Amino acid sequence: MIKKTRTDIETVVRVAIPSPLRKLFDYRLTDASSSPPKIGARVRVPFGRREVVGVVVEHADDSSVPESRLRRIIATLDDEPLLGAALIRVLQWAAGYYHHPPGEVWLSAFPTSLRKGVKTRRAVAEIPRADTEATDSPPELNSEQDAAVNEIIARHETFAPFLLEGVTGSGKTEIYQQLTDRLLKSGKRVLVLVPEIGLTPQIVERFRQRFGVAIAVLHSGMGDAQRAREWISAQGGEARIIIGTRSAVFTPIPELGMIVVDEEHDGSFKQQEGFRYHARDVAVMRAREERIPIVLGSATPSLESLLNARSGRYRHVQLTKRAGAAVPPEIQVIDIRRQPLSNLISKVLHDEVLAELNAGHQVMLFLNRRGFAPTWFCHDCGWIARCSRCDVNLVVHQRSAQLRCHHCGAEQVIPKACPKCRSENLHAVGTGTERVEQGMMHEFERFGIARIDRDTTRRKGTLESMLADAATGRARLLIGTQMLAKGHHFPAVTLVGILNTDQGLLSADFRASERMAQLLVQVAGRAGRGETLGRVAIQTACPEHPLLSLLLKQGYPAFATQALAEREAAELPPFSHLALIRAEAAGRDAALAFLGRLGPAAAGVTALGPTPAPMEKRKGHFRAQLLLLAKDRGALHRLLTRWTSQIEDDVQSRRVRWTIDVDPMGLF
Ligand code: ADP
Ligand code: ZN
Ligand code: ZN
């Protein structure tokens, strides 16, 4: 082939396309005389025998694809790029850092209809913006809050990461709002990321009541049409405040002035499938590219962020007092060893619940396990109902008379006779939230009971109505899973009971104790938010557990110091970097063999495995994993880059589904 001179070659456009391949695809312009579509604009292109929508990522003047095979762009969908320059750099970084196909990464910045090529003007028939008047006026800040606001606002024109560590109720949200107020006045916009809006509509309400400006709300619970409208109002600059969950971190926002990540420790910021990004980490990168401050707020910061703050990479702003009138709750440990438990509730706790309810207060009981019971057991032969497609026991759901798999969703009617020995001596063993509720029903129904978990809130509107019952006091005994722990503000709650603390203390996952501590503190934060003193009762069979006693006696910062020391000694994150390669296949050996073919890890990277996954069979597939651990992030990423291209070239791998999880949260 004769190499052409540069001037003969029209611009080549590199496009991110929804494809599992970790590469961009080259195209020629629609016709030689047209000007190239801008970076960040969507284009419609031919791909195999299909037409797809992609995003322009680069312009080039050369391609490794021979000119004769280089296909032409069919149409440019956006004259102006929908994504700003900083966001474009963030997406480029994210595709590399998470070793994920760029097409999926880039398209995750768009709502579904726009991914399919709908023009922005068509997607939005009308943006309903009857924004409410601000009804709420700001309180006078206390001196800690005032110092925090001043320190953060002083750096509003540069990249400046802050960890805002403040006990629950210390007025962090108030700080976000006062910062927002200042930034709005200088013409900026603010992005607020929250763990789950469905669970905590309060934060949106609080911003609406404080600010009489257009607010865009983005979360996965909304239909695509509405999501597209909200996105366009953010992208077009009409919305001044954007509040959203994880994926909102990729929303284009002109003149972005600050990012807030509320409850930054929350695990739901990490996407657990497909493009496994961590929205908090992406947000920090975005703030860097936008050159703006970012505030990571939490009462129980992640060990990652705490280390960054303690080492000076982030500024550490602390709030030590509760704002307003509320006082911190008193904590009581109930040793349940040799105590009779009735549906997980000790006599001591039972009596306290009754006393609080009789006094007209509200009580919250917390158990991290939904369903009636975790096992359906034959007393005569020991048979246990298992899922046929996953390596787990089926969970008893008594009200619906079903056994259900919490991993693949399989359901069946509860068998009355044992399939192995025909005995009818079958029992539900163990306790979930449904059983706690049922056990308390008789005695406590007169106070109004609301059980809040994924089972009772599946139908649209049920969560809202239960939260309303809780807020008005119609339901005074609240029983729930961690859904209850998130940010709700029920001033009448004076007692919070934690029924089984020990799951977190005894688990093999290295993050379990961190999560347990965060949950305990967050749940405890639900007590005594009003004017009455709150109390937290913790039931445990290991009251002397060192991390638990440290947490209870000296609080979360002391716990975190100790937990960080343990992580450092074990060379675990945040003192090292992890990546998990998961593989699954129809046969037991294929997934393991696939990981085995990768070969030895590079110098500086420790490989643990390949091993069968802790839950080897899931949804009928066999799973294996390879855990990589490195002190040096660079060495780990170079190895992942080499391996991903090796896998993509390996024909034997076609039957194996594989994923890379950079900075995995769970190792399962
Ligand atoms: P956090 O977000 O840290 O849990 P909030 O911002 O929700 O705390 O504040 C807790 C409660 O205290 C809220 O009811 C809030 O309105 C109130 N509050 C916050 N700051 C002040 C203040 N400076 N003076 C009086 N009340 C305040
Ligand atoms: Zn049996
Ligand atoms: Zn299953």
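Residues numbered from 1 in each chain as written. Chains lettered and ligands numbered in written order. Predicted model: local features only at pLDDT ≥ 70, side-chain atom pairs only at ≥ 80, totals over all residues. Heavy atoms only, no water.

Caption draft 1: Structural context of the sheet that holds strand E20 (residues 411-413). Spatially, E18-E19-E20 is the arrangement adopted by the three strands of the open sheet, whose pairing is antiparallel. Lying at the two open borders of the sheet, with one neighbouring strand each, are strand E18 (395-397) and E20. Strand-to-strand twist across the sheet, computed as the mean angle between neighbouring axes with direction ignored, equals 30 degrees. Both E18 and strand E19 (residues 402-404) contribute to a ladder of three bridges, which runs antiparallel. Residue pairing across strands places His397 opposite Gln402, the latter belonging to E19. (Pairing = 2+ DSSP bridges. Helix = DSSP H or I, 4+ residues; strand = E, 2+ residues; numbered from the N terminus. Axes fitted to C-alpha atoms, helices over the stretch in contact; angles between N-to-C directions.)

Caption draft 2: Layout of the nonpolar core. Counting residues in each nonpolar core, the largest one holds 110 residues, and the members touching the most others are Leu83, Trp106, Phe110, Phe250, Ile259, Ile581 and Leu628. Ranked by the residues each element gives to this core, the list is headed by helix H1 (residues 85-97), at seven residues. Beyond its immediate stretch of four places on either side in the chain, Leu83 contacts Gly40, Ile88, Leu91, Trp106, Ala109, Phe110, Trp231 and Pro252. (Core = buried A, V, L, I, M, F, W, Y, C linked by side-chain atoms within 4.5 Å. Buried < 20%, exposed > 50% of the residue type's maximum accessible area, 1.4 Å probe, protein only. Contact = heavy atoms within 4.5 Å.)

Caption draft 3: Unusual backbone geometry, seen in detail. Each neighbour pair has its own omega, and for Pro573 with Pro574 the value is 5 degrees, a cis peptide bond. Mapped onto the secondary structure, Pro574 falls in the loop between helix H17 (556-569) and strand E26 (577-585). The peptide bond linking Gly609 to Pro610 adopts the cis configuration, its omega dihedral lying at 5 degrees. Here Pro610 shows up in strand E27 (residues 605-618). Not every positive phi belongs to a glycine, and Glu263 is a case in point at roughly 55 degrees. By secondary structure assignment, the location of Glu263 is in the loop between strand E10 (256-262) and helix H9 (279-290). One non-glycine residue, Arg422, lies in positive phi territory at about 65 degrees. Topologically, Arg422 is positioned in the loop between E20 and strand E21 (426-429).

Caption draft 4: Looking closely at the coordination of the zinc ion (ligand 2). Taken together, the protein ligands of the zinc ion (ligand 2) are Cys378 (SG), Cys381 (SG), Cys418 (SG) and Cys421 (SG), with distances of 2.2 to 2.4 Å. If you list the donors of the zinc ion (ligand 2) from N- to C-terminus, the spacing comes out as C-x2-C-x36-C-x2-C. Within this pair, whereas Cys378 is found in strand E17 (residues 375-378), its partner Cys421 is found in the loop between E20 and E21, the two being separated by 43 residues in sequence. Overall, the relative accessible area of 35% leaves Cys421 in the partly exposed class. (Donors = N, O, S within 2.8 Å, 3.2 Å for Na, K, Ca; no water.)

Caption draft 5: Just the pattern of salt bridges, in detail. Tallied over the entire structure, the rule returns 36 salt bridges. The residue Asp78 makes a salt bridge to Arg42 at a minimum N-O spacing of 2.9 Å. With Asp78 in the loop between strand E5 (75-76) and H1 and Arg42 in strand E3 (residues 42-47), the pair connects residues that are 36 residues apart, well separated along the chain. We note that Asp78, like Arg42, is buried. Taking the shortest distance from any N to any O, the salt bridge between Arg567 and Glu514 comes out at 2.8 Å. Linking Arg567 in helix H17 with Glu514 in helix H15 (residues 512-524), this pair joins segments that are 53 residues apart in sequence. Of the two residues, Arg567 and Glu514, neither departs from the other in class, the shared state being buried. Connected through salt bridges with shared partners, the residues Arg370, Arg404, Glu411, Asp455 and Arg458 form a single ionic network. (Salt bridge = Lys/Arg side-chain N within 4 Å of Asp/Glu carboxyl O.)

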